[in-house]
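Coordinate inspection notes
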Amino acid sequence: MLDLKKEDIATILTRYNVAMEKSMTPDEAAEQLYPKDALYKAVAKAIYEGEEDDVIAALDACLKAGKTPIKLIDEALLPGMAVVSKLYDQGIIFLPNVMMSADAMLEGIDYCKSKTKEIPKSKGTVVCHVAEGDVHDIGKNIVAALLRADGFDVVDLGRDVPVDEVVAAVAKAKPVMVTGTALMTTTMYAFKEVNDKMVEKGLKIPFACGGGAVNQEFVESYSLGVYGEEASEAALFANYILKNGANIEKMRNEFHYP
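Heads up: these notes are all about the structure in this document. (Residues numbered from 1 in each chain as written. Predicted model: local features only at pLDDT ≥ 70, side-chain atom pairs only at ≥ 80, totals over all residues. Heavy atoms only, no water.)

Some details on the overall build of the chain
- A tally of helices and strands in the chain yields 13 helices and five strands.
- Along the three orthogonal principal directions, the C-alpha set of the chain runs to about 70 × 50 × 30 Å.
- Taking all 258 residues of the chain together, the buried fraction comes to 45%.
- A separation threshold of at least 6 residues defines the contact pool for the chain, and within that pool the share at least 24 residues apart is 71%.
- As displayed, the chain has an accessible area near 13900 Å², and 52% of this comes from carbon and sulfur atoms.
- One finds the centroid of the 28 positive side-chain charges in the chain at a distance of 6 Å from the centroid of its 40 negative side-chain charges. (Helix = DSSP H or I, 4+ residues; strand = E, 2+ residues; numbered from the N terminus. Buried < 20%, exposed > 50% of the residue type's maximum accessible area, 1.4 Å probe, protein only. Contact = heavy atoms within 4.5 Å. Areas by Shrake-Rupley, 256 points an atom, 1.4 Å probe, with all protein chains shown as cover. Lys, Arg positive; Asp, Glu negative; His and termini not counted. Charge placed at Lys NZ, Arg CZ, Asp CG, Glu CD.)

Thoughts on the packing of helix H12 (residues 233-244) against helix H13 (residues 248-255)
- Two numbers describe how H12 lies on H13: the axes approach to 11 Å, and their chain directions differ by 135 degrees. Relative to H13, the element H12 lies oblique. For the pair H12 and H13, the sense of crossing is right-handed. For the pair H12 and H13, contact is made by Leu236, Phe237, Tyr240 and Ile241 and by Lys250, Met251, Glu254 and Phe255, respectively.
- Partitioned by chemical class, the residues of the contact of H12 with H13 number six nonpolar, no polar and two charged. (Axes fitted to C-alpha atoms, helices over the stretch in contact; angles between N-to-C directions. Parallel < 35°, antiparallel > 145°, perpendicular 65-115°, else oblique. Left-handed = near helix turned anticlockwise from the far one by under 90°. Nonpolar A, V, L, I, M, F, W, Y, C, P; charged D, E, K, R; others polar.)

A closer look at the pattern of salt bridges
- The tally for this structure, following the rule as stated, stands at six salt bridges.
- A salt bridge links Lys123 to Asp150; the nearest nitrogen and oxygen atoms lie 2.4 Å apart. Highlighted residues: Lys123 in the loop between helix H7 (95-114) and strand S1 (125-130) and Asp150 in the loop between helix H8 (138-149) and strand S2 (153-156), separated in sequence by 27 residues.
- Here Lys197 and Asp164 are joined by a salt bridge, their closest N and O atoms 2.6 Å apart. Taken together, the residues span a long stretch of sequence, with Lys197 in helix H10 (residues 190-200) and Asp164 in helix H9 (residues 163-173) at a distance of 33 residues. (Salt bridge = Lys/Arg side-chain N within 4 Å of Asp/Glu carboxyl O.)

Re unusual backbone geometry
- Here the phi dihedral of Asp160 falls at roughly 50 degrees; this positive angle occurs in a residue that is not glycine.
- Tracing the sequence through the fold places Asp160 in the loop between S2 and H9.
- The class of Asp160 is partly exposed, set by a relative accessible area of 38%.
- Positioned with a positive phi, Lys174 is a non-glycine residue whose angle comes to about 50 degrees.
- Topologically, Lys174 is positioned in the loop between H9 and strand S3 (177-181).
- For Lys174, a relative accessible area of 68% gives the class exposed.

Laid out in structure tokens, this is it:
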């Protein structure tokens, strides 16, 4: 039998950096994640702080130093938003911080685009919507922001979107994935209608659903459904599809709870 003292057990059961994480402020945690390049770090820090003017000023400094606009999107703006996403996932910062950062990041992307004729390469398109009859769009907004931050184009249909409008948008955009959010139990059944109409039209792509009204059992009741408990999972799903294909069963095995 092993002879372990209480402090030894505590050491074994605690990740090496947990104590450090608990003692850190959000600003200190962000500092650990910024790009090493000083110019890129200034952009990332401005995004974390949600300061649009500072993002533009930092981008100008990068451009004057010879950085190319498209490279800035990939190597400064997206990594800056990735810092925010990681801290949000860990519960270190919260939704208002993410939304401010997303606005600052998107402002920076538009600014970079205005400085070049080169078109930034998109990973793919995702269609996002809030279920028909539901006007609660905060969850959808954060999903869309995080997808854009990860390099995806987003077709944002808004809130209270009719079923047929969702299906038509999917047929037109040919996305890698569709997302739906519902906060009200009376509206979540629209997802089943969207699912069935997409299947009828041969649009067999993953349909990631979440929101306060939705649970995994319900989402698994229709053929294309993949359940997401957190908004941040949308980008994980989309990247998984790019790497592994749009196999619903495999996605459920990968992301659903047993």
